[in-house]
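An overview of the molecular structure
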Amino acid sequence: WKLASDQGEVLDFQLLEGEVVLINYWATWCPPCVAEMSSLQSLFDAYGEKVKFVFVTNDDEKRVNEFLLKNNYSFPVYYQMTQAPEQLRSSSLPTTILIDRTGRIAVQKAGAADWNSQKVRNLLENLLK
């Protein structure tokens, strides 16, 4: 699975093997996506050095950049260059997938959530051990 960052860098998803990864599929026009973004930004602020965050959108790049700037969001945004592996695909927005170091899906949630909750932080702490 290859992704292009909003900075034009290519991310080969296979290189994240052995990392804890949070994937979030979202769009600027999706109200539930927008609703959960501040909690995801807070989680990114706290765990961005330990967890690989991959925010994936098919939205217009200019619109995405304006949205990020307007809301002071600093998480990394990616655009798909190739199709995601079957188990990581989603037709619902938002969808968040949390992958442990062994590549196992620990959480796969469609719909908005509070990703900065103590429950999620505890889960991340356990996955990072």
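This text goes with the structure placed above it.
These figures come from a predicted structure and were not determined experimentally.

What counts and what doesn't
- Residues numbered from 1 in each chain as written.
- Predicted model: local features only at pLDDT ≥ 70, side-chain atom pairs only at ≥ 80, totals over all residues.
- Heavy atoms only, no water.
- Disulfide = S-S within 2.5 Å.
- Buried < 20%, exposed > 50% of the residue type's maximum accessible area, 1.4 Å probe, protein only.
- Helix = DSSP H or I, 4+ residues; strand = E, 2+ residues; numbered from the N terminus.
- Contact = heavy atoms within 4.5 Å.
- Pairing = 2+ DSSP bridges.
- Axes fitted to C-alpha atoms, helices over the stretch in contact; angles between N-to-C directions.
- Polar contact = N/O pair within 3.5 Å; in protein donor to acceptor, adjacent residues only side chain to side chain.
- Core = buried A, V, L, I, M, F, W, Y, C linked by side-chain atoms within 4.5 Å.
- Phe/Tyr/Trp six-rings, centres within 6.5 Å; stacked < 30°, edge-to-face > 60°.

**Some thoughts on the state of the cysteines**
Throughout the structure, instances matching the rule amount to one disulfide. At a sulfur-sulfur separation of 2.3 Å, the disulfide partner of Cys30 is Cys33. Between Cys30 and Cys33, the S-S dihedral sits near 80°, and the bridge is therefore right-handed. For Cys30, a relative accessible area of 4% corresponds to the buried category.

**Details of the side chain of Ser5**
Its place among the elements puts Ser5 in strand S1 (residues 2-5). For Ser5, a relative accessible area of 9% corresponds to the buried category. In contact with Ser5, other than residues within four places in its own chain, are Val77 and Tyr78.

**Quick notes on the sheet that holds strand S5 (residues 77-80)**
Reading across from one edge, S2-S1-S5-S4-S3-S6-S7 is the order of the seven strands in this open sheet, with mixed pairing throughout. Each edge of the sheet is formed by a strand with only one pairing partner; in this case those strands are strand S2 (10-12) and strand S7 (105-110). The sheet shows a mean angle of 25° between the axes of neighbouring strands, taken without regard to direction. The sheet strands contacting helix H1 (residues 31-47) are strand S3 (21-25), strand S4 (52-56) and strand S6 (95-99), and the helix crosses S3 at an angle near 160°.

**As for unusual backbone geometry**
Following Leu93, the chain continues into Pro94 via a peptide bond in cis, with omega recorded as -10°. With respect to the helices and strands, Pro94 occurs in the loop between S5 and S6. For Asn72, which is not glycine, the phi dihedral falls at a positive 55°. Relative to the helices and strands, Asn72 resides in the loop between helix H2 (61-71) and S5. With a relative accessible area of 66%, Asn72 lands in the exposed category.

**Examining the environment of Asn116**
Among the secondary structure elements, Asn116 is positioned in the loop between S7 and helix H3 (118-128). Accessibility expressed as a relative area gives 24% for Asn116, which makes it partly exposed. It is 27 Å that separates the C-alpha atoms of Asn116 and Trp1, two residues lying 115 residues apart in sequence. Asn116 has contacts with Ser39, Ser42, Leu43 and Arg121, leaving out every residue within four places of it along the chain. Within the structure, Asn116 has its side chain in polar contact with the side chain of Arg121 (distance 2.9 Å).

**Notes on the nonpolar core**
Trp26 and Phe75 are the most contacted members of the largest nonpolar core, which has 27 residues in total. By size, the runner-up hydrophobic cluster in this structure holds 15 residues, among which are Leu3, Val21, Ile23 and Ile99.

**Concerning the packing of aromatic side chains**
Using the criterion set out here, one finds nine aromatic pairs in the structure. Geometrically, the ring pair formed by Phe53 and Phe55 is stacked, given 6.3 Å between the ring centres and 10° between the ring planes. Classification of Phe53 by relative accessible area gives buried; the value is 2%. Residues Phe55 and Phe75 carry aromatic rings whose centres are separated by 4.0 Å and whose planes lie at 25° to one another, so their mutual orientation is stacked. One end of the pair, Phe55, is in strand S4; the other, Phe75, is in the loop between H2 and S5, with 20 residues separating them in the sequence. Take Phe55 and Phe75: they sit in the same class, and that class is buried. Through a chain of ring-to-ring contacts, the aromatic side chains of Trp26, Phe44, Phe53, Phe55, Phe67, Tyr73 and Phe75 assemble into a single cluster.

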